[in-house]
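Survey of secondary and tertiary structure
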Amino acid sequence: INSFFQPVQQLVQLYTQYQQGKAAIGKIRGLLATSSSVVESPTASVLPPVRGEIVFDDVTFGYLPDRPVLEGVTLRIEPGETVACVGPTGAGKSTLAKLVTRFYDPSSGRILIDGHDLRDVTLSSLRKQIGVVPQEPFLFAGTLRDNIAFARPEATDEEVWAAVDAVGLRDLVERSPEGLDTPLHERGQSVSSGERQLLALARAFLAEPRVVVLDEATSSLDLRSELRVEAALDALLEGRTAILVAHRLSTAMRADRIIVVDDHRIIETGSHDELIAAGGRYADMFATWAAHS
Ligand code: ATP
């Protein structure tokens with residue numbers, strides 16, 4: 001019986017591998033397609049240190065030519081200001097954030113950082129001054145230090161510890177057998193989703209960017225972890241320009257300004273109190289949220 005089933009099993013295995021391989025190739029293709037969507041101009045210059053003013057000047061963008069995701073978006077973010085972006089799923093919040101880091105170029109209009117069109121500066125000098133905290137931060141099989149100092153491998157111990165303290169992770173490092181030199185895999189699955197987020201915030205903190213673009217994680221945290229992440233976020237955003245894609249209104253409320261994105265546009269903008277008083281979409285979202293929490 002075995003000799004009959006073995007080849008069948010092998011065939012099934014091979015087929016599974018083939019399917020997985022196909023999926024992986026698809027993903028790589030997707031990545032290549034994204035990274036090739038922006039081209040550095042041969043005349044691009046190095047972006048000098050910025051104060052952190054971000055301007056969207058009548059920006060229209062779509063992933064497909066005839067399907068705009070954002071249309072005529074105009075927005076000025078002052079240096080040091082925190083702007084939270086809220087709106088329904090698929091409204092274009094993450095897209096707006098990706099445009100700031102020049103993952104894509106607008107199909108029309110301009111995005112400026114301290115008056116420089118993003119297309120006129122080198123990608124490396126732009127990304128040095130913009131810290132990105134993705135929705136699903138990646139950790140890799142290095143030490144805690146490697147993971148935190150990812151963007152600045154030359155950082156001193158003092159600098160790494162300052163970042164660790166800023167986000168409240170000292171206890172995690174001190175509980176690890178070799179401190180900062182503990183390989184992450186030794187902690188195995190013991191890095192919780194809250195700790196993962198804090199590590200990502202420490203990584204961004206250490207890079208000292210003038211501008212932070214953060215796509216908030218959607219995974220729900222227990223109350224204690226949520227409070228720790230909020231405190232770490234305050235430490236990271238202090239004195240920096242920030243654009244937050246906020247999935248929780250509790251995060252949005254803490255921003256200096258909230259923009260509501262829907263129907264390809266910014267439909268409302270103001271502080272939490274202003275938008276509540278205006279009684280529009282944000283006020284509706286807030287009332288629904290408050291009733292459920
Ligand atoms: P969510 O709250 O669910 O994260 P969002 O407001 O951040 O949503 P985006 O991720 O910006 O929305 O997506 C806006 C629109 O663009 C959606 O219709 C989405 O399907 C589409 N979209 C996003 N990324 C791509 C892509 N790489 N290629 C094609 N279409 C995309």
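Residues numbered from 1 in each chain as written. Predicted model: local features only at pLDDT ≥ 70, side-chain atom pairs only at ≥ 80, totals over all residues.

The protein has the name ABC transporter ATP-binding protein in an unreviewed UniProt entry, where Paractinoplanes pyxinae is given as its organism.

In this section: the pairing of strand 8 (residues 241-245). Within strand 8, five of the five residues are buried, which leaves it mostly tucked inside the rest of the structure. Every second residue of strand 8 is oriented toward a common face, with Thr241, Ile243 and Val245 on one face and Ala242 and Leu244 on the other, all of them buried. The pairing of strand 3 (residues 82-86) with strand 8 spans four bridges and is parallel. Of the residues in strand 8, the one forming a bridge with Thr82 is Ala242. Inspection of the sheet shows strand 7 (residues 211-215) paired to strand 8 by five bridges, in the parallel sense. What sits directly across from Val211, in strand 8, is Thr241. Following the backbone out of strand 7, through helix 8 (residues 223-237) and into the adjacent parallel strand 8, one traces a crossover that is right-handed. (Buried ≥ 20, exposed ≤ 12 C-beta atoms within 10 Å, placed from the backbone. Helix = DSSP H or I, 4+ residues; strand = E, 2+ residues; numbered from the N terminus. Pairing = 2+ DSSP bridges. Right-handed = clockwise from strand over helix to strand, strands pointing away.)

A separate point is the packing of helix 7 (residues 193-207) against helix 8. In the contact formed by helix 7 and helix 8, the axes pass within 10 Å of each other and the chain directions differ by 5°. As far as their axial angle goes, helix 8 and helix 7 are roughly parallel. Side by side, helix 7 and helix 8 meet where Gly194, Gln197, Leu198, Leu201, Ala204 and Phe205 of the first sit next to Ser225, Arg228, Val229, Ala232, Leu233, Ala235 and Leu236 of the second. Looking at the contact of helix 7 with helix 8 residue by residue, the class counts come to nine nonpolar, three polar and one charged. (Axes fitted to C-alpha atoms, helices over the stretch in contact; angles between N-to-C directions. Parallel < 35°, antiparallel > 145°, perpendicular 65-115°, else oblique. Contact = placed C-beta atoms within 7 Å. Nonpolar A, V, L, I, M, F, W, Y, C, P; charged D, E, K, R; others polar.)

Further remarks concern the site of the ligand. Contacts to the ligand come from Tyr63, Val69, Gly87, Thr89, Gly90, Ala91, Gly92, Lys93, Ser94, Thr95 and Val245. The element contributing the most residues to the shell around the ligand is helix 2 (residues 93-100), with three residues. (Near = placed C-beta within 6 Å.)

Read from one edge to the other, the open sheet built from four strands follows the order 2-1-4-5, with strand pairing classed as antiparallel. A single partner strand is all that each edge strand has here, and the edge strands are strand 2 (70-77) and strand 5 (116-117). Note that strand 4 (residues 108-113) and strand 5 share two bridges and pair antiparallel. Looking across to strand 5, one finds that Leu112 is bridged to Asp117. The strands touched by helix 2 are strand 1 (54-61), strand 2 and strand 4; relative to strand 1, the strand with the most contacts, the crossing angle is about 120°.

This part is about the confidence of the model for the protein. Model confidence for the protein is summarised by a mean pLDDT of 88, while 86% of its residues fall at 70 or above. Segment residues 25-34 is flagged for pLDDT under 50; beyond a separation of four residues in sequence, or across chains, it makes one contact in the model. The ipTM, which scores confidence in the relative placement of chains, is 0.96 for this predicted complex, and the corresponding pTM is 0.84. (pLDDT = per-residue confidence, 0-100.)

With respect to the element layout, Asp117 can be found in strand 5. Classification of Asp117 as partly exposed rests on a count of 14 C-beta atoms within 10 Å. Separated by 28 residues in the primary sequence, Asp117 and Thr89 place their C-alpha atoms 29 Å from one another. Look past the residues within four positions of Asp117 in its chain and what remains in contact with it is Arg110 and Leu112.

What follows is about the sheet that holds strand 6 (residues 130-133). With respect to topology, six strands assemble into an open sheet ordered 6-7-8-3-9-10, the strand pairing being mixed. Each having just a single partner strand, strand 6 and strand 10 (265-270) make up the two edges of the open sheet. For this sheet, the mean inter-axis angle between neighbouring strands, taken without regard to orientation, is 15°. Relative to strand 9 (residues 257-262), strand 3 is paired through four bridges, and the arrangement is parallel.

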